[in-house]
Amino acid sequence: MARKLRAVPAYAIPSLAIVALTAFLAFALVRLFQVEQAMRVNVDENMLWVVTQAQVASHRLDQAVNRRASGDSSEDPELRLDILTSRLTLMDDGPQRRYLVAEGLESHLDDALTRMRALRDSIATAEDDARFAPARLTPHLDALMASLNRIANTVMMAEWESTGSRLDTYRSSLEQVIISIIGIGLSGLILVLLLLIALRQRRAAQRELMGHRDRLEEEVERHVQRYRQAAEALAKALDRERGVSEFYRSFAAMVSHQFRTPLAVIDSGLQRLQRRHRQFTPEQRSERYTRLREAVTQMTRLVEASLTAARIDGQQVEASLGRHSLWRIVDRLCHLQIEATGTQRLQPVHGAEEPWAWCDRALTEQALTNLVGNALTYSPEDRPVSITTAREGDQVVCRVTDFGPGVPVDEQPQLFERFFRGSNAAGTDGTGLGLNIARHLARIQHGDLTVHSTPGEGTTFTLWLPSADAWENRDAPP
Amino acid sequence: MMPIRRYLPVAVLLLSPLTAWATESPLPPPEEEVVLVVAGDIALTNHGDEAHLDKQMLAALPREQLTTHTSVTDGPQTFEGVLARDLLGAVRADGETVTALALNDYRVEIPTADFHDYDVLIADTMNGERLTRRDKGPLWIVYPRDDHPQLQDIRYDYRWVWQLYRLEVE
């Protein structure tokens, strides 16, 4: 109901303006048409001419009668009377008579007509020149001329009155038309204003609509973002679950494949010790125990390496990256190695510029530990193992070089495969997991591990890591 | 169609009594009272430079009828007479204007174009009665006012000459 009430004025104003405009226009047109019609009708203007011509005809008749009387035979009073008759007949005709009657001149007109007929009778009843005797005609003629004079006088005044009042009518009509035109202008102005207001309202409504749309889009975007985050969290959780299950699967596989042999070795060694306990000398027993302990140690290493490999497989290893100096990592590593094994073979070499890596310190240490351990294991005990660090372009490198037998060229492609053991490694303890793990650890940190080996000369493993400067200055962080 | 249309005026000319009249050059003298004098640029004459026409001679021209209102009478009036252009053709008039003179000394110049544009009548009867000089006779130039709105104009009204007795072609 309220809405209906509000809608009424909104439509009423333009409708009213249109109606007013139409009404003003129609009124102005009607008035102009009336003026045009009024200007065409001018019987009265012609009337003065008609009356004066009748007067002229009466004077011409008078003149003709008098001249004829004075002997001028060229004059034709009969023709003059006919002309006068025709003039009076015209005045007696419909429109002219009505005009004169309206002006109160009927008696004068009738009097003039009576005198005219008397003149005709007078001429008709006489013979020859007596017909036009002034004495008989002049009294009638004088009376007729007096009537015409009176008529002319009144008609003149009536025409001036009529002209004056017609001008009044024109003026008032024109004033009305001018007012109508002003009305038309005002109505038009109102319509234009309404149009402008409507246009502005429409623009505002459009703007508001667009604002609504934008807000809606933002809202939708926010919801989508939230759902996406939820989906990502779910996916991550799923990945984690998958990783955990992969970890168990991988670990179980490694245990089932790799642990049997050392366990069998330990088992058979223990059986032999059990059976031949008495036959062995204490030295022999001690040697067997040492070998068994080494086997257990090897198994422990295998378990640890397997756990690490399984964690990598299950994506359970996450790198917490930061800015770390390779010098410090290498120095600490050497220090730990020396403390643990007492070796003197490690030769760290640092360049002029301190290489800052973007890496996970613990993972990098583990990878390098694997490389250094391998180098110490697979090179003669009297040869050193060199560890150099450097910055190369956008990356920093750590090279671990041994001077051992090297890796045969045909084996190098498989070197990083899991449980691959080179032909040179026979007779040494190894899990077959170290290099594989080291490369994975490098790759988790956006780096890599490569090998360069020359059989008979030695092997160099290069650990590549992103330089901290280059990583921090990247355009788009990960 | 075109050839017929082209030769139609010629055919009409040959068949009309006007042609017979026109070929009897010069114009025969009037036998009765002269009702209209045509002077000026005319080829056929019978009285000096003028053509004097009597009722009989006018009656020889094609008669036309015209019903129209006038500015000085009530209601429609039926006029009869000859077309002005027929009359001027009969005396081989050649001019731009015709000065019409009336017995009451009224005179007005009428462009001859009027007679070609409209069927202007030189009437001698109104409503079947012969016009006399006591009324608007003997002849009255009548325009077909009702047929053409542009003729309902005071500038045409003054060309309605009554008591016509003389035409001067220029």
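Note on numbering: residues in each chain are counted from 1, in written sequence order. Ligands are numbered from 1 and chains lettered from A, in the order in which they are written. The model is predicted, so local features are restricted to residues of pLDDT at least 70 and side-chain atom pairs to those at 80 or more, both for listing and for counting; the totals for chains, interfaces and linings are taken over all residues. To get the side-chain values, take all heavy atoms of the structure and skip hydrogens and water.

**Q** When you look at the overall build of chain A in this model, what are you seeing that I'm missing?
**A** By the criteria applied, helices consist of DSSP H or I runs no shorter than four residues and strands consist of E runs no shorter than two, each listed in order from the N terminus. Scanning chain A from N- to C-terminus turns up twelve helices and seven strands. Partly exposed describes any residue whose relative accessible area lies between the buried limit of under 20% and the exposed limit of over 50%, with all areas from a 1.4 Å probe on protein chains only and scaled to the type maximum. Expressed as a percentage of the 478 residues in chain A, the buried residues total 35%. Between two residues, a contact is recorded if the distance between any of their heavy atoms is within 4.5 Å. Counting contacts in chain A only where the partners sit at least 6 residues apart, residues at least 24 apart contribute 73% of the total. Methods summary: accessible areas were calculated by the Shrake-Rupley approach with a probe of 1.4 Å, and residue burial reflects only the protein chains presented. Only carbon and sulfur atoms are counted for the fraction: they give 56% of the accessible area of chain A, which is about 28600 Å².

**Q** Explain the interface of chain B and chain A to me, please; I cannot follow it from the model alone.
**A** In many reports, interface size means the accessible area that the parts give up when they come together. Facing the 17 residues of chain B at the interface are 21 residues of chain A. Reported buried area values correspond to the accessible surface (1.4 Å probe) lost by two parts on association, with both partners' losses combined. Approximately 1600 Å² of surface area, both sides summed, lies buried where chain B meets chain A, with 42% of it carried by carbon and sulfur atoms. For chain B, the biggest contributors to the area lost against chain A are Val72, Arg133 and Arg134 of chain B; these three give 37% of the whole. By definition here, a salt bridge exists when the distance from a side-chain nitrogen of Lys or Arg to a carboxyl oxygen of Asp or Glu is within 4 Å. One can count five salt bridges joining chain B with chain A. For Arg133 of chain B, the salt bridge goes to Asp82 of chain A, with nearest N and O atoms at 2.4 Å. In protein, a polar contact means a hydrogen-donor-capable atom and an acceptor-capable atom, both N or O and within 3.5 Å, with residues adjacent in sequence counting only if both atoms are side-chain atoms; elsewhere, any N or O pair within 3.5 Å suffices. Inspection of the region where chain B meets chain A yields nine residue pairs in polar contact (both at pLDDT 80 or more). Side-chain classes are defined by residue name, with Ala, Val, Leu, Ile, Met, Phe, Trp, Tyr, Cys and Pro counting as nonpolar, Asp, Glu, Lys and Arg as charged, and the others, Gly among them, as polar. Here the residues of the side of chain B that touches chain A are counted per class, giving five nonpolar, five polar and seven charged.

**Q** Can you help me understand the environment of Ala133 of chain A in this one?
**A** Residue and element names in this part refer to chain A. Secondary-structure assignment places Ala133 in the loop between helix H5 (106-125) and helix H6 (134-258). Given a relative accessible area of 22%, Ala133 falls into the partly exposed group. Sequence separation of Ala133 and Arg68 is 65 residues, and the distance between their C-alpha atoms is 8.7 Å.

**Q** What exactly am I supposed to notice about a negative patch on the surface here?
**A** Residues and elements named next belong to chain B. Taken together, the side chains of Asp41, Asp94, Glu96, Glu109 and Glu170 present a region of like negative charge at the surface. If you trace the backbone, Glu96 turns up in the loop between helix H4 (84-90) and strand S5 (97-102). Classification of Glu96 by relative accessible area gives exposed; the value is 65%. Residues form patches when they are more than 30% accessible in relative terms and have no salt bridge. Like charges link within 9 Å. Nonpolar side chains (Val, Leu, Ile, Met, Phe, Trp, Tyr) link within 5 Å. His residues and chain termini do not enter the charge count, which takes Lys and Arg as positive and Asp and Glu as negative. A single reference atom marks each charge: NZ on Lys, CZ on Arg, CG on Asp, CD on Glu.

**Q** Explain the packing of aromatic side chains here, please?
**A** Working definition: rings of Phe, Tyr and Trp (its six-membered ring) pair if their centres are within 6.5 Å, and the pair is stacked with planes under 30 degrees apart, edge-to-face with planes over 60 apart, and tilted otherwise. Overall, the coordinates contain eight aromatic pairs over all chains when judged by the stated rule. Aromatic side chains Phe79 of chain B and Trp140 of chain B sit 5.3 Å apart centroid to centroid with 85° between the ring planes, which places their arrangement in the edge-to-face category. With Phe79 of chain B in strand S4 (residues 77-83) and Trp140 of chain B in strand S9 (residues 140-142), this residue pair connects regions lying 61 residues apart in the sequence. Taking the relative accessible area as the measure of exposure, Phe79 of chain B reaches 0% and is therefore buried. Put simply, a charge is over a ring when the Lys NZ or the Arg CZ is close to the ring centre, within 6 Å, and near the line of the ring normal, within 35 degrees. Lying over the aromatic face of Phe416 of chain A, Arg439 of chain A brings its terminal NZ or CZ to 3.9 Å of the ring centre. A cation sits over an aromatic face here: Lys136 of chain B above Trp162 of chain B, 5.8 Å from the ring centre.

**Q** Quick question: what am I supposed to make of the nonpolar core here?
**A** Considering soluble globular proteins, one finds that nonpolar side chains tend to be buried as a cluster. Core analysis: the biggest nonpolar cluster contains 81 residues, and Met91 of chain A together with Val38 and Leu87 of chain B have the highest contact counts within it. The element best represented in this core is H6 of chain A, accounting for nine residues. Setting aside chain neighbours within four positions, we find Val38 of chain B in contact with Glu50, Ala51, Leu53, Leu87, Val91, Leu167 and Val169 of chain B. For this analysis, a nonpolar core means a set of buried residues of the types Ala, Val, Leu, Ile, Met, Phe, Trp, Tyr and Cys, connected via side-chain atoms within 4.5 Å. Grouped together as the second largest cluster of nonpolar side chains are 48 residues, Met299, Ile387, Val396 and Leu441 of chain A included.

**Q** Mind showing me how you'd approach the pairing of strand S6 (residues 448-454) of chain A here?
**A** Consecutive side chains along a regular strand alternate between the two faces of the sheet. All names here are of chain A. We call two strands paired when DSSP finds no fewer than two bridges between them. One ladder, built from seven bridges, connects S6 with strand S7 (residues 458-466); its direction is antiparallel. Looking at the pairing, Leu449 lines up with Leu463 of S7. In this structure, the hairpin formed by S6 and S7 is closed by a connection of three residues, where Gly456 is found at a positive phi of approximately 90°.

**Q** Could you clarify how one ought to interpret unusual backbone geometry in this entry?
**A** Most peptide bonds take the trans configuration, and most residues that are not glycine carry a negative phi. Cis peptide bonds are those with omega within 30 degrees of zero, and the linkage from Gly137 of chain B to Pro138 of chain B qualifies with 5°. Checked against the element boundaries, Pro138 of chain B lands in the loop between strand S8 (129-130) and S9. With a phi close to 65°, His446 of chain A is a non-glycine residue in the positive phi region. Here His446 of chain A is to be found in the loop between helix H11 (434-444) and S6. Judged by its relative accessible area of 44%, His446 of chain A is partly exposed. Here Asn127 of chain B, not a glycine, exhibits a phi torsion of approximately 50°, which is positive.

**Q** Looking at this structure, how should I read the packing of helix H7 (residues 260-275) of chain A against helix H8 (residues 282-313) of chain A?
**A** The description of two packed helices rests on the angle between their axes and on the distance between the axes. Residue and element names in this part refer to chain A. Here an angle of 0 to 180 degrees is reported between the N-to-C directions of two axes, which are lines fitted to C-alpha atoms, with helices fitted over the stretch in contact. It is at 10 Å that the axes of H7 and H8 come closest, and there the two elements cross at 160°. Between H7 and H8, the angle is such that the two are roughly antiparallel. Classified by chirality, the crossing of H8 by H7 is left-handed. Seen from H7, the contacting residues are Pro262, Leu263, Val265, Ile266, Gly269, Leu270, Arg272 and Leu273; seen from H8, they are Arg285, Arg288, Tyr289, Leu292, Ala295, Val296, Met299 and Leu302. For the contact of H7 with H8, the class distribution of residues is twelve nonpolar, one polar and three charged. Any angle from 65 to 115 degrees is called roughly perpendicular, while one under 35 is roughly parallel, one over 145 is roughly antiparallel, and all others are oblique. A crossing counts as left-handed when the near helix is turned anticlockwise from the far one by less than a right angle, and as right-handed when that turn is clockwise.

**Q** Looking at this model, I keep getting lost on helix H4 (residues 94-102) of chain A. Mind explaining?
**A** Taken together, the buried positions of H4 of chain A are occupied by Pro95, Gln96, Arg97, Tyr99 and Leu100 of chain A. Directly beyond the C-terminal end of H4 of chain A, a positive phi value near 75° is found at Gly104 of chain A.

**Q** Before we go on, may I ask you to explain a nonpolar patch on the surface in this structure?
**A** Judged by side-chain polarity, Ile178, Ile182, Leu186, Leu189, Val192, Leu193, Leu195, Leu196, Ile197 and Leu199 of chain A come together as a nonpolar surface patch covering roughly 950 Å² of accessible area. Within the fold, Leu186 of chain A resides in helix H6.

**Q** Whenever I open this one, H11 of chain A confuses me. Can you help?
**A** Turn by turn, an α-helix covers 3.6 residues, leaving residues three or four places apart pointing in a common direction. All names here are of chain A. Within H11, burial applies to Gly434, Leu435, Asn436, Ile437, Ala438, Leu441 and Ala442. Along its buried surface, H11 packs onto H8, helix H10 (361-377), S6 and S7. Positioned one or two residues after H11, His446 has a phi angle of 65°, which is positive.

**Q** Is there a simple way to explain the pairing of S4 of chain B in this structure?
**A** Residue and element names in this part refer to chain B. Taking burial as the measure, the seven residues of S4 include five buried ones, the bulk of the element. In this sheet, S4 lies alongside strand S3 (residues 64-68) in antiparallel orientation, the contact comprising five bridges. Bridge assignment links Thr68 to a residue of S4, and that residue is Gln77. Two elements, S4 and strand S7 (residues 121-126), share five bridges in a ladder whose sense is antiparallel. From the neighbouring strand, Leu83 faces S7, where its bridge partner is Leu121.

Nothing here speaks to function; it is geometry throughout.
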